[in-house]
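Observations on the model geometry
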Amino acid sequence: ERGDVDKAEFVFWEGHDDYRVVWEYDKENNEYKRFNGGKPHFDLNIDKQLTTKNVVVQFAKESSANDGYPGNLHLLYGTIGEGKALVFQDGQVIKAKWSKSGRKGKTQFYTESDKEIKFVRGHIWIAILPTGTKVSY
C-alpha cells in the first residue's frame with residue numbers, strides 16, 4: 001500500500017502542458033513544493049512557492065455542467081459516493097480510497113485495507129481528477 005516517492009505529476013487537461021502539475025518532495029522540510037506548467041507555483045501575496053504537508057489526488061466521475069457556457073467547458077465532479085485516491089505524505093504514496101455519504105458529509109480517506117488515513121499535521125491539498133487520469137510518481 002505504501003511506497004517511497006519523491007514527486008507526483010499529473011495534467012489537468014490532456015495536451016495542455018500549462019496545466020501540468022508536479023509536487024516535489026522536500027525531505028529536509030517534509031513538505032511538497034508545487035510546480036505548474038514547468039515553473040514553481042508562487043503565492044503572489046507572499047511571494048513564496050506553494051507547499052503542503054499532504055497531497056491527495058481524489059479520482060471522481062467527470063461530467064459536463066450543461067449550463068449554457070460557450071463550448072460547454074464547465075465540468076462537474078462527483079464527490080459524493082466513493083472512489084479511488086492517492087495520498088502523498090512523508091515522501092511516500094498510499095494507494096487509497098475515499099467515501100462521502102452526502103452533500104454535508106465529510107470526505108474520508110482510507111487505505112486499501114480500510115484503515116482511516118492519518119494526515120501529517122499541516123496543510124492538505126486535494127486535487128480532484130477524472131477517474132482514469134494518469135498520475136506519475
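Residue numbering note: each chain is counted from 1, following its sequence as written. Thresholds applied to this predicted model are a pLDDT of at least 70 for local features of residues and 80 or more for the giving and counting of side-chain atom pairs; totals over whole chains, interfaces and linings are not thresholded and use all residues. Only hydrogens and water are set aside; all other atoms, that is, all heavy atoms of the structure, feed into the side-chain values.

**Describing the overall build of the chain**
Convention followed: The way it works is that DSSP assigns letters per residue, a run of H or I at least four long becomes a helix, a run of E at least two long becomes a strand, and they are numbered from the N terminus. Every radius of gyration here is taken over C-alpha atoms, with the globule rule written as 2.2 Å times N^0.38, N being the number of residues. Accessible area is worked out with a 1.4 Å probe on protein chains only. A residue is then buried under 20% of its type maximum, exposed over 50%, and partly exposed in between. When checking whether two residues touch, look at their non-hydrogen atoms; a contact exists if any pair is within 4.5 Å. Note on areas: Shrake-Rupley with a 1.4 Å probe; residue coverage comes only from the protein chains shown. Note that His is not counted, nor are the chain ends; the positive residues are Lys and Arg, and the negative ones are Asp and Glu. The location of each charge is read from NZ of Lys, CZ of Arg, CG of Asp or CD of Glu.
From N to C terminus, the chain includes zero helices and 14 strands. A compact globule built from 137 residues would reach a C-alpha radius of gyration of about 14 Å, and the chain, at 16 Å, matches this within 12%. Counting every position in the chain, which comprises 137 residues, the buried fraction comes to 33%. Looking at the chain alone, contacts between residues at least 24 apart form 47% of all its contacts between residues at least 6 apart. For the chain, the accessible area works out to roughly 9,000 Å², and carbon and sulfur atoms hold 48% of it. Of the charged side chains in the chain, 21 are positive and 20 negative, and the gap between their average positions amounts to 6 Å.

**A look at the packing of aromatic side chains**
Cut-off, in case you're wondering: Stacked, edge-to-face and tilted are the three classes for Phe, Tyr and Trp ring pairs, Trp counted by its six-membered ring, which pair at centre distances within 6.5 Å; planes under 30 degrees apart are stacked, over 60 edge-to-face, the rest tilted.
Tallied over the full model, the rule gives five aromatic pairs. Note on W23 and W125: the rings are 5.1 Å apart at their centroids and 65° apart in plane angle, and the pair reads as edge-to-face. One end of the pair, W23, is in strand β3 (residues 20-26); the other, W125, is in strand β14 (residues 124-130), and 102 residues separate them in sequence. Among the residues examined, W125 registers a relative accessible area of 28% and is labelled partly exposed.

**Thoughts on the layout of surface pockets**
What counts here: Each cavity reported here is a set of points on a 1 Å grid over the protein atoms alone in which a 1.4 Å probe fits but cannot get out, each pocket an open set with protein on both sides within 12 Å along at least five of seven lines, and each lining residue one with an atom within 4 Å of a point. Grid points are joined across faces, edges and corners, and a volume is the space filled by probe spheres set on the points. When residues are grouped by polarity, Ala, Val, Leu, Ile, Met, Phe, Trp, Tyr, Cys and Pro land in nonpolar, Asp, Glu, Lys and Arg in charged, and all others, Gly among them, in polar.
Put simply, the largest pocket is a space of about 280 Å³. Along the walls of the largest pocket sit 14 residues, with F12, W13, E62, Y77 and P130 positioned nearest its centre. Listing elements by their share of the lining of the largest pocket, those giving two or more residues are β10 (75-78) and β14. Broken down by element, the lining of the largest pocket gets its largest block of residues, three residues, from β14. The residue inventory of the lining of the largest pocket, partitioned by class, reads 10 nonpolar, one polar and three charged. Reported here for the second largest pocket is a volume of approximately 210 Å³. If you trace the second largest pocket, you find it lined by F59, G83, K84, A85, L86, K95, A96, K97, E112, T131, G132 and T133. Ranked by the residues each element gives to the lining of the second largest pocket, the list is headed by strand β11 (residues 81-89), at four residues. Of the residues belonging to the lining of the second largest pocket, the class tally is four nonpolar, four polar and four charged.

**Some thoughts on the side chain of N54**
Positionally, N54 belongs in strand β9 (residues 54-64). Beyond its immediate stretch of four places on either side in the chain, N54 contacts F88, Q89, F119, V120, G122, H123, I124 and W125.

**Points about the environment of K118**
With respect to the helices and strands, the residue K118 is situated in the loop between β13 (108-111) and β14. Distance from K118 to E14, taken between C-alpha atoms, is 32 Å for residues 104 residues apart in sequence.

**A word on the side chain of Q58**
Looking at the secondary structure, you find Q58 in strand β9. With a relative accessible area of 3%, Q58 lands in the buried category. If near-sequence neighbours (up to four positions away) are discounted, Q58 is found in contact with T79, K84, A85, W98, T107, F109, I126, A127, I128 and L129.

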